[in-house]
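# Structural features, examined
Given next are the chains, with one letter for each unit.
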Amino acid sequence: LVLMLPVGLLYMLSSYLLEGEVPREKLSFFIIAIVIVLALIAITTAFQYRSTFLSTYVESGVRRRALAEKLRKIPLSYFGKKDLADLTNTIMSDCAILETASSHWIPELIGALISTTLIVISLFFFDWRMTLAAVWVMPIAFIIVLCSRSVMGKIHEQSSRYRIACLDGIQEGLETLRDLRSYNMTDSYMEGLNKKIKAVESHSIVASAQMILKFGIGTVAVVGSALLIKGEISLLTFFMFLLVVTRMYKPLQISLQNLAAIISADVNCKRMDEILSHEEQTGSNTLTNKGYDIKFDHIAFSYENGEQVLSDVSFTAKQGEVTALIGPSGGGKTTVSRLAARFWDNDAGTITVGGMNVSEIEPETLLSLYSIVFQEVTLFNNTVMENIRIGRKDATDEEVMRAAKLAHCEEFVERMPEKWNSMIGENGSELSGGERQRISIARAFLKDAPIILMDEATASLDVDNESLIQESISKLIQNKTVIIIAHRMRTVDGVDKIVVLKDGKVAESGTPDDLKKCDGIYKHMLEVQM
């Protein structure tokens, strides 16, 4: 619309120079046009700010929160086939693309179409032949974009895959820099990363239909020259058309870019829909258990890729007893512990806690019954105090320190510059493996839940600290249901019950003394380690 002002002004000045005066009707029309254009600019600017920008950013925030909330309810088995870079890219980048589409691409597309339509209508009042010479390329350009929709979708999908692979490569390089340097692999790794970066660049170059618009300038010049030679148009009209078409295609080029981007955004929508449409873990928010016995009754479980991990697993972990899960690697020990806490949902059979079916309980409600210590400890870039307080968010500082002392954390905390308020770095980078594991154990002490799951909880500890923490754990587990996963046989020598898992099945079950008498897996593992 703003293009009309200088064009109209130039036309009037040219009329004045050629004819000696500006006709009154032209002057009135131009003044009215200025008023209308300025009013439209003010109205559309205010409308776009209030109804487009603000509402778009609010909706974008709602969309990101919805994705985060959905991820909180999706079974953890879903994350086994997804990586961090992919999910982060979906929540941040894909949402940002839709945000840009709603706040910029679509409004600019509509604005460009309206302004171009108004200019084209105005040009028809001057000369319809010159106007047709200018506008014939427009529908062709849009048809090219619309017809190449499927091709653009595939290209954008490939580009997204290459971009995610590149992000994975960068993240992997940062995380494994120490190993790459120690094995002199930095050069070869950077060579592979460079290939991924070049793949992103090459798949980001897409031909467009904008080039076809340039033919419009040529046809205007040819048709205009022919009409000018015949004396059917004036020199002023010819130059006016040349001036208009050189600027008229600019908003149309932007609209074509936006249309192509909007079509490509369908891939981003599908990626978000994949998350939003995934099955949730739902259930009751009320606990109805009577006691804390955990019973596995003919449990079967397979990963989403079809690989079967457990088949017909049955045993009971009783309250007040320690049940140890042992066996060869890949036998299903960790899977059993995850199913007990409903990190995943089993395919067949029933898991109950005190007679309550865990598949009918909302996961976060169910996890209020569990204290979990995994071998792979997850810590946050926060203070020692706040990392332990994750065990129970309303705990006082005194309660946190009491739990930390039971886990023998004060030994290394007192050496830190700010003691309990010392920052421990990303995922506890300032701490050793044993120190990180002690913080994880302190969380379990602080939560003091009736069910305890421990996966090689003391694997990273030295012998002295392991003995001390074992004494503290013996106090923690009194009258509780405890399931531990262990590979070192001395860790399970004093447990109440051992369940030996092999190839996803219960191969042996009984007390340590009973299993020692049998010529089975437990006895073999015990002899090998001795």
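Scroll up to find the structure.
Below is a short write-up of the structure.

Rules behind the numbers
Residues numbered from 1 in each chain as written. Predicted model: local features only at pLDDT ≥ 70, side-chain atom pairs only at ≥ 80, totals over all residues. Heavy atoms only, no water. Helix = DSSP H or I, 4+ residues; strand = E, 2+ residues; numbered from the N terminus. Buried < 20%, exposed > 50% of the residue type's maximum accessible area, 1.4 Å probe, protein only. Contact = heavy atoms within 4.5 Å. Areas by Shrake-Rupley, 256 points an atom, 1.4 Å probe, with all protein chains shown as cover. Salt bridge = Lys/Arg side-chain N within 4 Å of Asp/Glu carboxyl O. Arc of directions from axis to C-beta. 1 Å grid on protein atoms, 1.4 Å probe; cavity = no way out; pocket = protein on both sides within 12 Å on 5 of 7 lines; lining within 4 Å. Points joined across faces, edges and corners; volume = space filled by probe spheres on them. Nonpolar A, V, L, I, M, F, W, Y, C, P; charged D, E, K, R; others polar. Axes fitted to C-alpha atoms, helices over the stretch in contact; angles between N-to-C directions. Parallel < 35°, antiparallel > 145°, perpendicular 65-115°, else oblique. Left-handed = near helix turned anticlockwise from the far one by under 90°. Pairing = 2+ DSSP bridges.

### Some words on the overall build of the protein chain
For the protein chain, the count of helices and strands is 19 helices and 10 strands. Taking all 530 residues of the protein chain together, 44% fall into the buried category. Within the protein chain, counting contacts between residues at least 6 apart in sequence, those at least 24 apart form 74% of the total. Just so you have it, the protein chain exposes about 28300 Å², and 58% of that area is on carbon and sulfur atoms.

### Quick word on the pattern of salt bridges
Taken as a whole and judged by the stated rule, the model has 6 salt bridges. Between arginine 342 and aspartate 345 there is a salt bridge, with the nearest N and O atoms lying 2.8 Å from each other. Among the residues examined, aspartate 345 registers a relative accessible area of 27% and is labelled partly exposed. The salt bridge partner of aspartate 394 is arginine 392, with a shortest N-O separation of 3.7 Å. Members of the salt-bridge network, linked through shared partners, are Glu386, Arg389 and Asp397.

### Here's the deal with the environment of arginine 488
Mapped onto the elements of the fold, arginine 488 is located in the loop between strand S8 (481-485) and strand S9 (497-502). Since its relative accessible area comes to 25%, arginine 488 is described here as partly exposed. Between the C-alpha atoms of arginine 488 and isoleucine 326, which are 162 residues apart in sequence, the distance is 8.9 Å.

### Structural notes on helix H14 (residues 397-406)
Turning to H14, its buried residues number three or more, namely Val400, Ala403 and Ala404. Buried positions in H14, seen along its axis, are confined to an arc of 100° and lie on one side of it. In this structure, H14 carries Glu398 and Arg402 as exposed residues pointing more than 90 degrees from its buried face. Residues of H14 that are buried sit in contact with helix H13 (384-389), helix H15 (410-413) and helix H16 (433-447). Histidine 408 sits one or two positions beyond H14 and adopts a positive phi of about 60°.

### Describing empty space enclosed by the protein
For the structure on display, the rule yields 1 cavity of 30 Å³ or more. What the largest cavity holds in volume is close to 30 Å³. Ser337, Phe374, Leu453, Met454, Asp455, Ile483, Ile484 and Ile485 together form the lining of the largest cavity. Elements with a contribution of two residues or more to the lining of the largest cavity: strand S7 (451-455) and S8. For the lining of the largest cavity, the per-class residue count stands at 6 nonpolar, 1 polar and 1 charged.

### What about the packing of H14 against H16?
It is at 8 Å that the axes of H14 and H16 come closest, and there the two elements cross at 125°. With respect to H16, the element H14 is oriented oblique. Along this stretch, H14 crosses H16, giving a crossing that reads as right-handed. The segment H14 lies against H16, with Glu399, Val400, Ala403, Ala404 and Leu406 engaging Ala442, Phe445 and Leu446. Its residues assigned to classes, the contact of H14 with H16 shows 7 nonpolar, no polar and 1 charged.

### Notes on the sheet that holds strand S1 (residues 294-302)
Overall, antiparallel pairing links the 4 strands, which are arranged S2-S1-S4-S5 in an open sheet. With partners counted over all chains shown, the strands left at the sheet margins are strand S2 (308-317) and strand S5 (356-357), one partner each. For S1 and S2, the ladder comprises 6 bridges, and the chain directions are antiparallel. The residue of S2 that forms the bridge with isoleucine 299 is valine 313.

### Notes on the environment of isoleucine 361
Considering the arrangement of structural elements, one finds isoleucine 361 in the loop between S5 and helix H12 (363-366). Judged by relative accessible area, which is 4%, isoleucine 361 ranks as buried. Spatially, the C-alpha atoms of isoleucine 361 and glycine 283 are 4.2 Å apart, while their sequence positions differ by 78 residues. What isoleucine 361 contacts, discounting residues up to four positions off in sequence, is Thr282, Gly283, Ser284, Thr286, Leu287, Arg342, Met356 and Leu366.

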